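What the coordinates show
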Amino acid sequence: MSAYSIWILEYANVPDAPTSSLVYGQHNVGVEKLPYAYTLLRGNGMNILLDCGMNAASHGMEFVKRYNVSDWISPTQVLAEVGLTPEDITHCILTHAHFDHMGGLELFPNAKFYIQQHELESWVSAMAMERRFRWLMRATDTGDMIYAVQLAREGRMIGVPGDVDNLLPGIDVRLAKDTHTAGSQYVVIRNDQRAESEDVYIYTGDLIYRHENLHGGQPDDPEYLPVGYALGSQTNLVMASDEVMKGVGNDIRRVLIPHEGKMTTLYPSRVSKSGHYIVEVALRKDDTSRVA
Ligand SMILES: [Zn+2]
């Protein structure tokens, strides 16, 4: 029995992302469409977002230009497709601080946010480095960092100390240190709420961009190929990939990947009027389908 309904909600895309940024080592093989999405969990009296997108209408514009982000729609538009408003979001677990995952902080006025302590600290340190180190900040909005610290002051941004079980009921977080970023975390959803769960989903953030990262294009003889864009170590990314696959009993369908457009082929889905996909991964008994 599902404790949470789970939807993956696309909110923008990059039509021409270099494949080499998505799968390490695939140089000079062109570009491909990269969807941007966050995930919504609804249950136990809560509406939980996993990552919170970006605000392309204001400060996110710098990143829209830098990465050619297209077709952005606001959380008001995205959530209307599942019958919610941004005010309804009660909690948000941030996998990391990049602009497309943490850039929407101010758009969810009632949410309490969770991020790894190490992630927050590392970005404040990176901001304080001299100008020649600015490549480190290429995908992080300093405005987001300032707002994150402001939210911490208000008690609405909580720094998570490493691995925590039941951060929210049936939801665990795991630190993947020095991987995509210094303090990336992934989210384990035990949707039967049992300690020895038989109904696990893992939301990866950007530890994984594509199924190819998990099987190297060879599902029958899988090989981990790390993501192409990483501040930490490729070895650590490979090890984190293995943790994720073990965590879901090697069932790739249970790996929820925000930038993987093929999620629409694994679960019921539909495309909204604005052209964005909604994937329905799980449905609580008392909930109604948003894709039927
Ligand atoms: Zn991302």
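Residues numbered from 1 in each chain as written. Predicted model: local features only at pLDDT ≥ 70, side-chain atom pairs only at ≥ 80, totals over all residues. Heavy atoms only, no water.

Some words on the state of the cysteines
Any covalent bond linking the sulfur atoms of two cysteines counts as a disulfide. By the definition in use, this model includes zero disulfides. No disulfide involves Cys92; its sulfur sits 4.5 Å from the nearest other cysteine sulfur, which is in Cys52. (Disulfide = S-S within 2.5 Å.)

Concerning the sheet that holds strand β6 (residues 157-160)
With respect to topology, eight strands assemble into an open sheet ordered β6-β5-β4-β3-β2-β1-β13-β12, the strand pairing being mixed. The sheet terminates laterally at β6 and β12 (269-271), the two strands that pair on one side only. For this sheet, the mean inter-axis angle between neighbouring strands, taken without regard to orientation, is 25 degrees. Where helix α5 (residues 117-127) meets the sheet, it contacts β5 (112-116) and β6, and its direction lies at approximately 80 degrees from that of β5. (Pairing = 2+ DSSP bridges. Helix = DSSP H or I, 4+ residues; strand = E, 2+ residues; numbered from the N terminus. Axes fitted to C-alpha atoms, helices over the stretch in contact; angles between N-to-C directions. Contact = heavy atoms within 4.5 Å.)

Some remarks on the coordination of the zinc ion
The protein atoms that coordinate the zinc ion are Asp100 (OD), His101 (NE2), Asp206 (OD) and His259 (NE2), at distances spanning 2.1 to 2.2 Å. Around the zinc ion sit four donor atoms; with metal-centred angles ranging over 89 to 159 degrees, the donor geometry is irregular. Of note, the donors binding the zinc ion are all from one chain and are spaced D-H-x104-D-x52-H. With His101 in helix α4 (residues 99-102) and Asp206 in the loop between β10 (200-203) and α7 (211-215), the pair connects residues that are 105 residues apart, well separated along the chain. Relative accessible area serves as the criterion here: at 0%, His101 is assigned to the buried category. On the basis of relative accessibility, which here comes to 3%, the residue Asp206 falls in the buried class. (Donors = N, O, S within 2.8 Å, 3.2 Å for Na, K, Ca; no water. Tetrahedral: all angles 85-135°; square planar, octahedral: opposite > 155°, others 65-115°. Buried < 20%, exposed > 50% of the residue type's maximum accessible area, 1.4 Å probe, protein only.)

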